[in-house]
Amino acid sequence: DPEIVTGCFYRAWKKRGQFDYTREAWSELVSASFQDFGVISPECFSAIYEAFAEPSAWRIFPDVLPALAALRSANMRMGIISNWDERLRPLLRALHLSDYFEEITISHEVGYSKPKRQIFQAAMKALRLPASQILHVGDGHREDFEGAREAGFAALLLDRSKARIGGQTIANLECLLSPEASRTL
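In this structure, Lys 114 sits in the loop between α6 (107-110) and α7 (117-127). Reaching out from Lys 114, the side chain makes a polar contact with the backbone oxygen of Ile 81 at a distance of 2.9 Å.

What follows covers the environment of Gly 7. With respect to the element layout, Gly 7 can be found in helix α1 (residues 2-14). Owing to a relative accessible area of 18%, Gly 7 belongs among the buried residues under this scheme. Along the sequence, Gly 7 and Ser 33 sit 26 residues apart, while their C-alpha atoms lie 8.5 Å from each other.

Taken together, the buried positions of helix α2 (residues 23-33) are occupied by Ala 25, Trp 26, Leu 29, Val 30 and Ser 33. Looking straight down α2, one finds its buried side chains confined to an arc of 135 degrees; they lie on one side. Projecting away from the buried face of α2 at angles above 90 degrees are the exposed residues Glu 24 and Glu 28.

This part is about the pattern of salt bridges. Applying the stated criterion to the full structure yields 9 salt bridges. Between Arg 77 and Glu 102 there is a salt bridge, with the nearest N and O atoms lying 2.6 Å from each other. One end of the pair, Arg 77, is in the loop between α4 (64-73) and β1 (79-82); the other, Glu 102, is in the loop between α5 (88-94) and β2 (103-106), with 25 residues separating them in the sequence. Assessed through its relative accessible area of 40%, Arg 77 is described here as partly exposed. For Asp 144, the salt bridge identified is with Lys 114, shortest N-O distance 2.6 Å.

What counts, and at which threshold
- Residues numbered from 1 in each chain as written.
- Predicted model: local features only at pLDDT ≥ 70, side-chain atom pairs only at ≥ 80, totals over all residues.
- Heavy atoms only, no water.
- Helix = DSSP H or I, 4+ residues; strand = E, 2+ residues; numbered from the N terminus.
- Polar contact = N/O pair within 3.5 Å; in protein donor to acceptor, adjacent residues only side chain to side chain.
- Buried < 20%, exposed > 50% of the residue type's maximum accessible area, 1.4 Å probe, protein only.
- Arc of directions from axis to C-beta.
- Salt bridge = Lys/Arg side-chain N within 4 Å of Asp/Glu carboxyl O.

Shape descriptors only; they carry no functional weight alone.
Structure, rendered in structure tokens:
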């Protein structure tokens, strides 16, 4: 049952501790996720790992492409800071997302993951902008919101369960296009 497996994954994710986004770390997480069902063979893990490199395993929220297109039309410089692995760049290309971004900073490549200051500094260096001129939008309170603020960036928390923009939380990326958000940008 997909709901049971998803629940097991979320429980394992919450218990994960330090996570470096390597294939080995994912293997341990998948094993922990399936521990109630038995041991996961290396072949099974490889199949799962490769399946999540495929565009069909992902969905793009309906607000994403219109927001990215509008921000690009407004000449906003955009980048990605992601806690991910070697699968991200090809996946972004396959999903037709990579062209929206000037720079893509991936934890796997820089050796640091959010919320560590170093990954934010790597993105800042790549964009050739001071932290004070960067707005970071992410869906993890500690990793994205607090991490970005500790690095000196402005930050907004993306919480899709919210119905409206308010304070430092937005409900979707189209909120970035609102008059209230444009004052932040």
